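Tertiary structure, described
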Amino acid sequence: MSEPAGLARTSRLLLAMAAVAVAFAAADTYVVVLALPDMMTGVGVPIDQLQRAAPIVSGFLLGYVAMLPLIGRIADLRGRVPVLVMALVLFALGSLITTVAYDMPSIVAGRFLQGVGGGGLVPATLALVADLYPVERRGVPLGVVSAVQEIGSVLGPLFGAAVLAFADWRAIFAINLAVGLVLAAAIRALAPREHREAQEHRERRERRRPDVVGLLLALATVAGGAVVFLRPPSLMRDLTWGQLFIPFAGDGRWLTPIGAATMAALVLLLAWCAFAPHPLLDLRGWGRVLVEADLVGALLLATALGGVILAFATADPKIEVFSPRGRWYLLGAVLGAVAFVWHVRRAANPLVPRGALRRTPAWGALLVSFFVGAALIAALIDIPLFARTTVYPDDQLPAALVLVRFLLALPVGAVAGGYLIRFLSPGVVTAIGMLMAAAGFVLMTRWGLTTIEEPIANLALVTGGLGFGLALAPVNAALLAFTDDDAHGVASAFVVVARMVGMLVGISALTTIGLRRYYAEQGAVPAVQDVCDGRSRCKEFSDLLRVAGIAQEHAVFWGAAGCAVVAAALALVLLRQVGPTRLSARDVFSGSV
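Residues numbered from 1 in each chain as written. Predicted model: local features only at pLDDT ≥ 70, side-chain atom pairs only at ≥ 80, totals over all residues. Heavy atoms only, no water.

1. Thoughts on the side chain of S146
- In this structure, S146 sits in helix α7 (residues 139-164).
- By relative accessible area, S146 is classed as buried at 5%.
- In contact with S146, other than residues within four places in its own chain, are A414, L472, A473 and N476. (Helix = DSSP H or I, 4+ residues; strand = E, 2+ residues; numbered from the N terminus. Buried < 20%, exposed > 50% of the residue type's maximum accessible area, 1.4 Å probe, protein only. Contact = heavy atoms within 4.5 Å.)

2. Overview of a nonpolar patch on the surface
- A surface patch of nonpolar side chains, amounting to about 820 Å² of accessible area, comprises V140, V144, V415, Y419, L420, F423, L424, V428, I432, L572 and V573.
- If you list the elements that add at least two residues to the nonpolar patch, you get α7, α17 (396-420), α18 (426-444) and α22 (539-574).
- A total of three residues in the nonpolar patch trace back to one element, the largest contributor, which is α17.
- Position of V573 relative to the elements: it lies in helix α22. (Patch = residues over 30% accessible without salt bridge, like charges linked within 9 Å, V, L, I, M, F, W, Y side chains within 5 Å. Areas by Shrake-Rupley, 256 points an atom, 1.4 Å probe, with all protein chains shown as cover. Salt bridge = Lys/Arg side-chain N within 4 Å of Asp/Glu carboxyl O.)

3. So, the side chain of T256
- Note on placement: T256 falls in the loop between α11 (233-237) and α12 (257-275).
- On the basis of relative accessibility, which here comes to 3%, the residue T256 falls in the buried class.
- Dropping the residues within four chain positions of it, T256 is found in contact with L244, F245, I246, P247 and F248.

4. Regarding the packing of aromatic side chains
- One pass over the structure, following the stated rule, counts twelve aromatic pairs.
- Judged by centre distance (6.0 Å) and plane angle (80 degrees), the ring pair of F441 and F468 falls under edge-to-face. You can see F441 sitting in helix α18 and its partner F468 sitting in helix α19 (residues 456-481), a full 27 residues away along the chain. Comparing F441 with F468 shows no difference in burial state: the two are buried.
- Both rings, one in W447 and one in F557, keep their centres 6.1 Å apart while their planes meet at 80 degrees; by these two values the pair is edge-to-face. Of this pair, W447 sits in the loop between α18 and α19 while F557 sits in helix α22, placing them 110 residues apart in sequence. Comparing W447 with F557, the two get one shared label, buried.
- An aromatic cluster is present here, built from F406, F441, W447, F468 and F557 joined pairwise through their rings.
- Geometry around W286 places R78 over its ring, the cationic atom sitting 4.4 Å from the centre.
- If you follow R253 out to its NZ or CZ, it ends over the ring of Y102, 3.8 Å from the centre. (Phe/Tyr/Trp six-rings, centres within 6.5 Å; stacked < 30°, edge-to-face > 60°. Lys NZ or Arg CZ within 6 Å of the ring centre and 35° of its normal.)

5. Thoughts on the nonpolar core
- Formed by 133 residues in total, the largest nonpolar core has its most connected members in I383, F406, M434, F441, W447 and F468.
- At 15 residues, helix α16 (residues 360-390) tops the list of elements feeding residues into this core.
- Among residues more than four places away in sequence, those in contact with M434 are V372, A375, G467, F468, A471, A564, A567 and A568.
- Core analysis: the second largest hydrophobic core is formed by 18 residues, L36, V43, V108 and V163 among them. (Core = buried A, V, L, I, M, F, W, Y, C linked by side-chain atoms within 4.5 Å.)

6. Points about the pattern of salt bridges
- Following the criterion strictly, the structure yields five salt bridges and no others.
- When the shortest N-O distance is used, the salt bridge between R80 and D131 registers 2.7 Å. Placement of the pair is R80 in helix α5 (residues 80-99) and D131 in helix α6 (residues 104-132), with a sequence separation of 51 residues.
- According to the relative accessible area criterion, R80 is buried, its value standing at 9%.
- With a closest N to O distance of 3.8 Å, D484 and R359 form a salt bridge. Pair noted here: D484 is in the loop between α19 and α20 (488-523) and R359 is in the loop between α15 (326-346) and α16, with a separation of 125 residues, a long-range link.

Here it is in structure tokens:
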């Protein structure tokens, strides 16, 4: 086999492993759909206090979105493969903590780390596509990456259901741990040879002999943490060893002798790695990378994004727009955004390189992605809600499976969109896709009490899924074509952030529209005594309330259709400079096309 052919095969395998990792992380986003009640009881939260479980979901989202720009920038500075490996290790660590979690803070911490690792895979993988493929050949690989990400969202609930059929919820995250470590090892082994040789040379230079002290401190930290989390019954019942589990004060596990010893070992490990000549963990090296990547700017941006996430993600979309403290979260987000803009203007090396998003298709792709997310969230949340409102009021699983019809069409559209931009402008393909999505939503506004069980419902679901899929790869392709190579990571991160923020803002706005329609319809419903001939409840009155609920979902679908049309119009206007990928970026920039 020739060297170029072998290199191409290795590159394809590397991208395939990265895509599998993205799919697995995407599945983990939705894996808690069915496991959440068991997770609550597993950490001592009563099942009738569902609102207390919100941090399990919002913690993952916070990690997924808030750290994306920093990880994307590190991918530009340090390389795609090291970031992919680092993200998978963080994902595996979060899975381990979630597996052994014993209370709400520990399970939220684990889910947060899972979100950081899972989110970090996306910009690094998209930037890897740009590294491995020229502009004219990126469409299909970008479509495949988008497709596997959406396939993951389909498989997540199914994977969770399959595991729960044979084991408890902790087995889900134990499998995540194993898969994350295997994928990290596979990606590191498939790294380009020049990168691998440089890494091995650096390791030989910096680690002339094993760091025995660091290794012992790491083992002590891991062993102590395992004892704190698992609390082996045999040790706790022992008269001597049991004293290690008696708290100094309160009832916290970390306020016990074994907890204090574990934290002391961790502090010593961090101090050793910070100052030792050849430490086990290169904290100084990663510290330099964080400073170079603008950690301060990343934290300010994370504050802004975190405020938005907490304001919307912790609310119940069926009854409220914001969480009870949503306005305070948004105030913090505004202050964080102002501080971030001020910092970027003054920093020597800001998180977002100056001019990185100056071209219209670059920042236009972010704006289009925002409205794509605002429309997409209506499908992800309100299609199952519609099913619950009409034919599955007492069963969540069949209602969730209705959405699978939509999600199965989405990856097909993603691959098709990546192929079509070889011949059509990404702006045109995106517009076609979003107009199809709008048509799907309009068809959903015709749904009635029993439509969801009829074959005609599939037309709306498939049309909408294909439409959203068509829009994914073209937006990413336009962004990558009009940003510099050394900013592909952070730019890819921002397009994901834009879509996620659009989803959160979209569900707030669309919920407001839907609730107003619901209250108007509910106000027109006659009194229950008039409908039920003096009885407190009857089927006729319940049907009237269900009709009011259907009107609410119809209003949401109309609003989502409007967001999709806006996305289509913006794509046609803002991405009009982007030609088919068979034309080179140089031709586009030079104006020869």
